[in-house]
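Below are the chains, spelled out letter by letter.
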Amino acid sequence: MSIPKRLLNLLRPSLLVLVLAFLPAAPGDAKDAPYIPEVLAPWVDWVLHGKEAQTACTPMYNDAGRYQCGWPSELSLDLTDRGGAFRQTWLVHRDTWAALPGDSRIWPREVRVDGEARVVLPQDGGPAVRLTPGIHTVSGRFAWPFLPEHLQIPPGTALVSLKVNQAPAMFPNLDSSGRLWLKRPQTEEKSENRLNIDSFRLIDDTIPTRVLLHFTLDAAGSAREVTLGP
């Protein structure tokens, strides 16, 4: 007996919930493979088509419809006037592109994943390598005739460790466009942007209940606008 297409479209959300209920949040060993009831097994590929990320990746905190499948650690950069090297560790939940430092102007060379040479391809306007699920260490090198003013850093990188001519940069100058500025004298002091917030709540158990909130803010660094809340 064939099932009308309209009825299949109505059943699909319910089947998706049932299938996802039996799937893990992240990939694991074969012994940890999810149990799928026999009656649902024939529907798995159809239900999950186009929704593979939901079974392995993490939804974004501010957008449940977007999923993060690769998580980079600190990006380590050791640069000189003639080039340099970079190194970064990735946790990957499913096949994904890992963005690398650099751009079309400064392209990374000798890129390796876990010690094996990999081909670098352009993705979203920048260099990237394809990674499979697991934990991987990505490394590579740069070469230039003179130290550039800045180096493009992938937007997903939050932590950067920088050395320029063996001098550590205590507070790397990374702007909102992802440009890591290299030519600023390393002896110049750069204040750290810091914001500490303490909150206190006093609940008066009366009718109606009254709640008094007290906040203390301790801010330091450059002039900036900070949005708190929702």
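Preceding this paragraph is the structure being described.
Since this is a predicted model, take the numbers as computed values, not measurements. (Residues numbered from 1 in each chain as written. Predicted model: local features only at pLDDT ≥ 70, side-chain atom pairs only at ≥ 80, totals over all residues. Heavy atoms only, no water.)

Section: the sheet that holds strand E9 (residues 121-123)
For step 1, the next point in the chain: One open sheet accounts for 3 strands, arranged E6-E10-E9; its pairing is antiparallel. Looking at the sheet topology across the chains shown, the edges are occupied by strand E6 (96-99) and E9. Each strand axis lies, on average, 60° off the axis of its neighbour in the sheet, ignoring direction.
For step 2, the next point in the chain: Taken together, the 4 bridges between E6 and strand E10 (residues 126-131) define a ladder with antiparallel strand orientation. Counterpart to Trp97 in the pairing with E10 is Arg130. (Pairing = 2+ DSSP bridges. Helix = DSSP H or I, 4+ residues; strand = E, 2+ residues; numbered from the N terminus. Axes fitted to C-alpha atoms, helices over the stretch in contact; angles between N-to-C directions.)

Considerations on the nonpolar core
For step 1, the next point in the chain: With 26 residues, the main nonpolar core has Leu77, Val129 and Val138 as its most contacted residues.
For step 2, the next point in the chain: Elements with a contribution of two residues or more to this core: strand E4 (75-80), strand E5 (83-92), strand E7 (109-113), E10, strand E11 (134-143) and strand E13 (160-164).
For step 3, the next point in the chain: Ignoring anything within four residues of it in the chain, the contact list for Val129 reads Thr96, Trp97, Ala98, Leu100, Val111, Val113, Arg118, Val119, Val120 and Val138. (Core = buried A, V, L, I, M, F, W, Y, C linked by side-chain atoms within 4.5 Å. Buried < 20%, exposed > 50% of the residue type's maximum accessible area, 1.4 Å probe, protein only. Contact = heavy atoms within 4.5 Å.)

Here we look at the layout of surface pockets
For step 1, the next point in the chain: What the largest pocket holds in volume is close to 500 Å³.
For step 2, the next point in the chain: Trp97, Ala99, Asp124, Pro154 and Pro155 are the residues nearest the centre of the largest pocket, which is lined by 24 residues in total.
For step 3, the next point in the chain: Looking at the lining of the largest pocket, the elements that each hand over two or more residues are strand E3 (70-72), E6 and E10.
For step 4, the next point in the chain: At 4 residues, E6 tops the list of elements feeding residues into the lining of the largest pocket. (1 Å grid on protein atoms, 1.4 Å probe; cavity = no way out; pocket = protein on both sides within 12 Å on 5 of 7 lines; lining within 4 Å. Points joined across faces, edges and corners; volume = space filled by probe spheres on them.)

Some thoughts on the pattern of salt bridges
Pairing between side chains of opposite charge can happen when the charged atoms of each approach one another.
For step 1, the next point in the chain: This model, assessed by the stated rule, comprises 2 salt bridges.
For step 2, the next point in the chain: Ionic pairing is found between Asp175 and Arg179, a salt bridge with its closest N-O pair at 2.9 Å. (Salt bridge = Lys/Arg side-chain N within 4 Å of Asp/Glu carboxyl O.)

Topic: the pairing of E7
For step 1, the next point in the chain: Bridging between E7 and E11 involves 3 bridges; their strand directions are antiparallel. Note that in E11 the partner of Arg109 across the bridge is Arg141.
For step 2, the next point in the chain: Two elements, E7 and strand E8 (residues 116-117), share 2 bridges in a ladder whose sense is antiparallel. When the sheet's bridge partners are listed, Arg112 is paired in E8 with Ala117.

So, unusual backbone geometry
For step 1, the next point in the chain: Geometrically, the link from Ile207 to Pro208 is a cis peptide bond, its omega value of -5° lying close to zero.
For step 2, the next point in the chain: Note on placement: Pro208 falls in the loop between strand E17 (194-204) and strand E18 (210-220).
For step 3, the next point in the chain: Notably, Glu110 is not glycine yet its phi reads approximately 50°, a positive angle.
For step 4, the next point in the chain: In this structure, Glu110 sits in strand E7.
For step 5, the next point in the chain: Notably, Asp124 is not glycine yet its phi reads approximately 55°, a positive angle.
For step 6, the next point in the chain: Position of Asp124 relative to the elements: it lies in the loop between E9 and E10.
For step 7, the next point in the chain: Classification of Asp124 as exposed rests on a relative accessible area of 85%.

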